[in-house]
Amino acid sequence: MAEMKREREHPKKQETSAENYYDYEARFVKQKREQERINVLPRVIKPAMFAKGEFALGDMRVFSRYTVAPLSSLTCGFVELKPGAQSDLKRMIPSAIVYILDGSGESIQENARFSFKTGDVVIIPPYTTYQFVANSDEGFRAWLPQVRIWHGQGLLWREQLEADREREAIFQARRRVTITPATRTRYDWFLARLAEENRIEREAPRVIRGTDCSWESTRQGKLKFYISRWTEVAAAALDLMMQEIRPGEHSGEHRHIFEELLLVVKGRGYDLHEGTRHPWEAGDLICIPPMISHQHVNDGTDTAQLISVWSRQPGHEYLGGIEQISDASDWIR
């Protein structure tokens, strides 16, 4: 509002071109309408409500946000293959992570083969050709969470047929950088990052085994982190965590500024968002908008399993930490 006042007081300094004029009032009206849309959209999305096409919560392009779910930066898709079947060969600029819901198979990346099974997470580095092959005796189902910032950065691009040779040459050149320069200036640190990222891509696993990840008893409940800010992984867009809640128990209640998306793998229960109840069951997606206090409750007869993702960098560096409001019912001080 102060900027609008200054513009009224000094009209000669304004650009008269509509192309250069920033409509402040229109911006605030749009934000208000978006918030109203967030408030009325469902927090739990059932499979019958999934958007048509590849992405269950709407297209990767940001203009389709707030059409299915009250989330702007997160969406997801699913892959399901019958025994012996294989997916199309693809390559994207962004990295990807794939949680295996059930079954087994192989991820073929640049002609290297990586086996996976239920409970594993497959890592696909940036600009890497990949496809999935299901084992001959069983198929598999997988969940592919995605961040939706690539379109805004001009990086929402995928190829399924002939490669773009110029783009391919750029990434080949980037991956040949393996020597870390001596860090004498702050700019040297940025130069060193590319060599470090290439090392991680070469050395870090392409499959994170669920059996290799340990459970932790925390104030938020029983958690198992596959990918966190401490994980060396060649797909750094999202953190991924599993939570288990026993029958009759509940998670802690907490709040954070960044969005969160959860898939209910097993069980049933409900979420409390600012005290409002949102029932869920296996197969549903739970959407946590920014700045909403939330808690998961298991009111079923079986242990509930939830897979949770959030944007890695904004969640940690840009949007602050997590505020714990109350502790999980099974937390022992």
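Residues numbered from 1 in each chain as written. Predicted model: local features only at pLDDT ≥ 70, side-chain atom pairs only at ≥ 80, totals over all residues. Heavy atoms only, no water.

Enquirer: Residues and numbers for the nonpolar core, please.
Expert: Counting 36 residues, the largest nonpolar core has L57, V121, I123, W143, Y226, L261 and L285 as the members making the most contacts within it. Membership of the second largest hydrophobic core comes to 16 residues, among which are A96, I100, V122 and F140. (Core = buried A, V, L, I, M, F, W, Y, C linked by side-chain atoms within 4.5 Å. Buried < 20%, exposed > 50% of the residue type's maximum accessible area, 1.4 Å probe, protein only.)

Enquirer: Please provide a residue-by-residue account of the pattern of salt bridges, values included.
Expert: Under the criterion given, the structure shown has 18 salt bridges. With a shortest N-O distance of 3.9 Å, K90 and E54 are connected by a salt bridge. Here E54 lies in the loop between β1 (44-45) and β2 (74-81) and K90 lies in the loop between β2 and β3 (91-92), a separation of 36 residues in the sequence. What makes E54 partly exposed here is its relative accessible area of 39%. (Salt bridge = Lys/Arg side-chain N within 4 Å of Asp/Glu carboxyl O. Helix = DSSP H or I, 4+ residues; strand = E, 2+ residues; numbered from the N terminus.)

Enquirer: Which residues make up the packing of aromatic side chains, and what are the values?
Expert: A full pass over the atoms with the stated rule returns nine aromatic pairs. On the basis of an interplanar angle of 90° and a centroid distance of 5.9 Å, the ring pair of Y99 and Y226 is categorised as edge-to-face. Taken together, the positions of Y99 in strand β4 (residues 96-109) and Y226 in strand β12 (residues 221-227) put the pair 127 residues apart, joining distant regions of the chain. Summarising the burial analysis for this pair, Y99 and Y226 share the class buried. Judged by centre distance (6.0 Å) and plane angle (65°), the rings of F132 and F140 are edge-to-face. With relative accessibility at 2%, the residue F132 sits in the buried group. A residue is classified by how much of its surface remains accessible, and F140, at 2% relative accessible area, is buried. Linked through ring pairs, F116, Y130, F132 and F140 together constitute an aromatic cluster. Stacked on the ring of W215, the Lys or Arg K222 has its end atom at 4.8 Å from the ring centre. The ring of Y270 has R277 lying over it, and the distance from NZ or CZ to the ring centre is 3.8 Å. (Phe/Tyr/Trp six-rings, centres within 6.5 Å; stacked < 30°, edge-to-face > 60°. Lys NZ or Arg CZ within 6 Å of the ring centre and 35° of its normal.)

Enquirer: Kindly report on unusual backbone geometry, identifying the contributing residues and their values.
Expert: Not every positive phi belongs to a glycine, and N111 is a case in point at roughly 75°. Its place among the elements puts N111 in the loop between β4 and β5 (112-117). Classification of N111 as exposed rests on a relative accessible area of 76%. In this structure, E274 takes a positive phi of about 55° despite not being glycine. Classification of E274 by relative accessible area gives partly exposed; the value is 46%.

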